[in-house]
Amino acid sequence: MRTTGDTRQRIVTAATELFRRQGYAASGMKQIVAAADAPYGSAYHFFPGGKAQLGEEVVRTSGAAYLGLIAELFPTATAAGGADTDTAVATDMVAVTSDAFMAAAETLRELDFADPCPIATVALEVASTHEPLRLATAEVFASWTDGLAAFYRAGGMAEPAAHETASSVIALLEGAFMLGRAARSTDPVTAAARAAAAVVRAALPQEGECAEGLPGGSWPGPRPVRP
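About the cut-offs
Residues numbered from 1 in each chain as written. Predicted model: local features only at pLDDT ≥ 70, side-chain atom pairs only at ≥ 80, totals over all residues. Heavy atoms only, no water. pLDDT = per-residue confidence, 0-100. Contact = heavy atoms within 4.5 Å. Helix = DSSP H or I, 4+ residues; strand = E, 2+ residues; numbered from the N terminus. Buried < 20%, exposed > 50% of the residue type's maximum accessible area, 1.4 Å probe, protein only. Polar contact = N/O pair within 3.5 Å; in protein donor to acceptor, adjacent residues only side chain to side chain.

Draft legend 1. Up close: the confidence of the model for the chain. Chain-level pLDDT for the chain is 83 on average; 81% of the residues reach the 70-or-more range. Counting contacts from residues 77-88, a segment whose pLDDT is below 50, to residues more than four positions away or on other chains yields 12 contacts. Contacts of residues 211-227 to residues separated by more than four positions or lying in other chains number 40 contacts, the stretch itself having pLDDT below 50.

Put into structure tokens, the structure is as follows:
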């Protein structure tokens with residue numbers, strides 16, 4: 001037997017998929033409830049603010065789900081305690097970053113070059129037209145940056161380098177998804193994997209240097225990318 005909670009979740013799930021595939025503006029409430037196999041009135045029962053309120057729910061729930069994926073792909077335990085030497089930790093951080101991009105490339109291929117994430121799709125549409133949704137997407141991106149920065153800090157990268165590196169890596173991935181969809185190719189994502197690895201490598205302390213707050217000195221911030 002279906003429950004009230006089931007109906008609400010089906011509506012959110014249907015909206016998430018439609019926003020991901022065709023965008024926020026092109027997805028109407030009638031289409032969403034039809035895809036959810038729910039009565040039309042139920043959408044406004046659960047979301048009296050209409051599609052805008054539903055959009056905020058989709059952004060925040062999807063954002064939390066992807067934050068969990070970031071935690072799986074970039075486990076802080078690996079950087080903090082999984083290596084015997086500083087060199088091994090640094091190598092691991094670079095390799096994990098590159099591997100995450102390669103996994104993203106495969107996901108893009110499996111989805112036949114549809115956008116794998118509804119957050120970016122919504123953000124591109126509403127950034128200058130819908131302030132509540134813009135704020136919701138900004139909060140999600142900030143949570144992703146914080147989560148990824150925690151991984152880099154655990155590997156010995158200091159602030160502000162950890163946050164700047166995390167922000168750059170996420171920007172590279174989101175941009176690569178957009179280019180990959182347009183070209184129907186994973187080449188932009190694999191190229192971004194190499195660029196992201198270089199960004200992480202450049203932000204790590206050089207031999208003999210330590211991150212700020214650790215014995216041996218302070219980390220002055222990100223350096224130019226080394227070839």
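Draft legend 2. Layout of the side chain of Ser-185. With respect to the helices and strands, Ser-185 occurs in the loop between α9 (161-183) and α10 (187-203). Given the relative accessible area of 16%, Ser-185 is considered buried. Of the polar contacts made by the side chain of Ser-185, one reaches the backbone nitrogen of Asp-187; its length is 3.0 Å. Ignoring any residue separated from it by four or fewer positions in sequence, one finds Ser-185 in contact with Leu-108, Phe-113 and Gly-180.

Draft legend 3. Just unusual backbone geometry, in detail. Across the junction of Glu-159 and Pro-160, the peptide omega takes the value 5 degrees, indicating a cis bond. Mapped onto the fold, Pro-160 is located in the loop between α8 (131-154) and α9. One non-glycine residue with positive phi stands out, namely Asp-37, at about 55 degrees. Relative to the helices and strands, Asp-37 resides in the loop between α2 (29-36) and α3 (40-46). Despite not being glycine, Asp-112 has its phi angle at roughly 55 degrees, a positive value. Tracing the backbone through its elements, the reader meets Asp-112 in the loop between α6 (86-110) and α7 (118-126). Judged by its relative accessible area of 47%, Asp-112 is partly exposed.

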